[in-house]
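# Reading the structure
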Amino acid sequence: MRIGIGYDVHKLDYNRDLILGGVKIPHEKGLVAHSDGDCLIHAIIDSILGACGLYDIGTYFPDTSDNFKDISSLKLLEKTRELMENEKYEISNIDSIIICQKPKINPYINIMRETLCNVLRIDISQITIKATTEEKLGFTGKEKGIACQAVCLLHKIKKGQ
Ligand code: ZN
């Protein structure tokens, strides 16, 4: 078995859609990035890549490349799944945290889990997402950005599968 960790932050600003876990969430601000800024997916990608012993997200999906401009992070997640499969790993489980003052994330958690488990081809029970605030402290508390953390556990695909 192999474990991996991922962490990502993006800045919140006006005139951007807020997309987390592949789900568009109604809010006055969204995440600023070269891609759609989905920092939950970015943290999950880095956790999977790390567990595989591969390089980080910026190596495979550089923010200097026009190929990834405004791209849906779900597409990056799909490519990450392929990289993982090439290494002959499959997902045991993923756990993650969204650190965000506003908006309330809880109503969207199950749809995010469904969206992500479809792309990763796992059961919904294998991916969990939690949301917390930082009690109005720091950059997340001041609504300047959103941070996400993820860990994943992988195992080698058994022969004959
Ligand atoms: Zn990111």
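Residues numbered from 1 in each chain as written. Predicted model: local features only at pLDDT ≥ 70, side-chain atom pairs only at ≥ 80, totals over all residues. Heavy atoms only, no water.

### Some details on the coordination of the zinc ion
- Within the protein, the atoms that donate to the zinc ion are Asp8 (OD), His10 (NE2) and His42 (ND1), at distances of 2.0 to 2.1 Å.
- Sequence spacing of the donors to the zinc ion: D-x1-H-x31-H. In this pair, aspartate 8 sits in strand β1 (residues 2–14) while histidine 42 sits in helix α1 (residues 39–52), placing the two residues 34 residues apart along the sequence.
- Taking relative accessible area as the criterion, aspartate 8 reaches 17% and is therefore assigned buried. (Donors = N, O, S within 2.8 Å, 3.2 Å for Na, K, Ca; no water. Helix = DSSP H or I, 4+ residues; strand = E, 2+ residues; numbered from the N terminus. Buried < 20%, exposed > 50% of the residue type's maximum accessible area, 1.4 Å probe, protein only.)

### Quick look at unusual backbone geometry
- Note the cis peptide between lysine 102 and proline 103, where omega equals 0 degrees.
- Mapping proline 103 onto the fold places it in the loop between β5 (89–99) and α4 (109–120).
- Residues other than glycine seldom take positive phi values, yet lysine 88 does so here, at roughly 65 degrees.

### Overview of a nonpolar patch on the surface
- A surface patch of nonpolar side chains, amounting to about 260 Å² of accessible area, comprises Tyr7, Val9 and Phe139.
- Inspection of the secondary structure assignment puts phenylalanine 139 in helix α5 (residues 138–141).
- Judged by relative accessible area, which is 35%, phenylalanine 139 ranks as partly exposed. (Patch = residues over 30% accessible without salt bridge, like charges linked within 9 Å, V, L, I, M, F, W, Y side chains within 5 Å. Areas by Shrake-Rupley, 256 points an atom, 1.4 Å probe, with all protein chains shown as cover. Salt bridge = Lys/Arg side-chain N within 4 Å of Asp/Glu carboxyl O.)

### So, the nonpolar core
- By size, the foremost hydrophobic cluster in this structure holds 44 residues, and its most contacted members are Leu20, Ile48, Ile98 and Ile146.
- Those elements that place two or more of their residues in this core are β2 (18–20), β3 (23–25), α1, α3 (73–86), β5, α4, β6 (127–132) and β7 (145–156).
- The greatest single-element share of this core, amounting to ten residues, is contributed by α1.
- Beyond its immediate sequence surroundings of up to four residues, isoleucine 146 is in contact with Asp8, Val9, His10, Leu12, Leu18, Leu20, Leu31, Cys39, Ile98, Ile99, Cys100 and Phe139. (Core = buried A, V, L, I, M, F, W, Y, C linked by side-chain atoms within 4.5 Å. Contact = heavy atoms within 4.5 Å.)

### A few points about the sheet that holds strand β4 (residues 29–32)
- Judged by pairing direction, the sheet is mixed, and its five strands sit side by side in the order β4-β1-β7-β5-β6 without closing on themselves. Sheet topology places β4 and β6 at the edges, where each strand pairs with a single neighbour. The mean angle between the axes of side-by-side strands here comes to 25 degrees, regardless of whether they run parallel or antiparallel.
- Judged from the ten bridges that link them, β5 and β7 form a sheet pairing that is antiparallel. What sits directly across from isoleucine 97, in β7, is glutamine 149.
- Here α1 sits on the sheet and contacts β1, β4, β5, β6 and β7; the angle it forms with β1, its principal contact strand, is near 155 degrees. (Pairing = 2+ DSSP bridges. Axes fitted to C-alpha atoms, helices over the stretch in contact; angles between N-to-C directions.)

### Examining the pairing of β1
- Inspection of the sheet shows β1 paired to β7 by ten bridges, in the antiparallel sense. Bridge assignment links arginine 2 to a residue of β7, and that residue is leucine 154.
- Strand direction decides the pairing type here: β1 and β4, joined by four bridges, are antiparallel. Across the sheet, lysine 11 pairs through a bridge with valine 32, a residue of β4.

### Considerations on the packing of α3 against α4
- Following both chains from N to C, one finds α3 and α4 inclined at 40 degrees, their axes separated by 9 Å at the closest point. When the interaxial angle is binned, α3 and α4 end up oblique. When the axes of α3 and α4 are compared, the crossing they make is right-handed. Listed contacts from α4 to Leu74, Leu77, Glu78 and Arg81 of α3 are Thr115, Leu116, Val119 and Leu120.
- Partitioned by chemical class, the residues of the contact of α3 with α4 number five nonpolar, one polar and two charged. (Parallel < 35°, antiparallel > 145°, perpendicular 65-115°, else oblique. Left-handed = near helix turned anticlockwise from the far one by under 90°. Nonpolar A, V, L, I, M, F, W, Y, C, P; charged D, E, K, R; others polar.)

### What to know about the side chain of arginine 81
- The topology assignment puts arginine 81 in helix α3.
- Overall, the relative accessible area of 4% leaves arginine 81 in the buried class.
- Beyond its immediate sequence surroundings of up to four residues, arginine 81 is in contact with Val119, Leu120 and Arg121.

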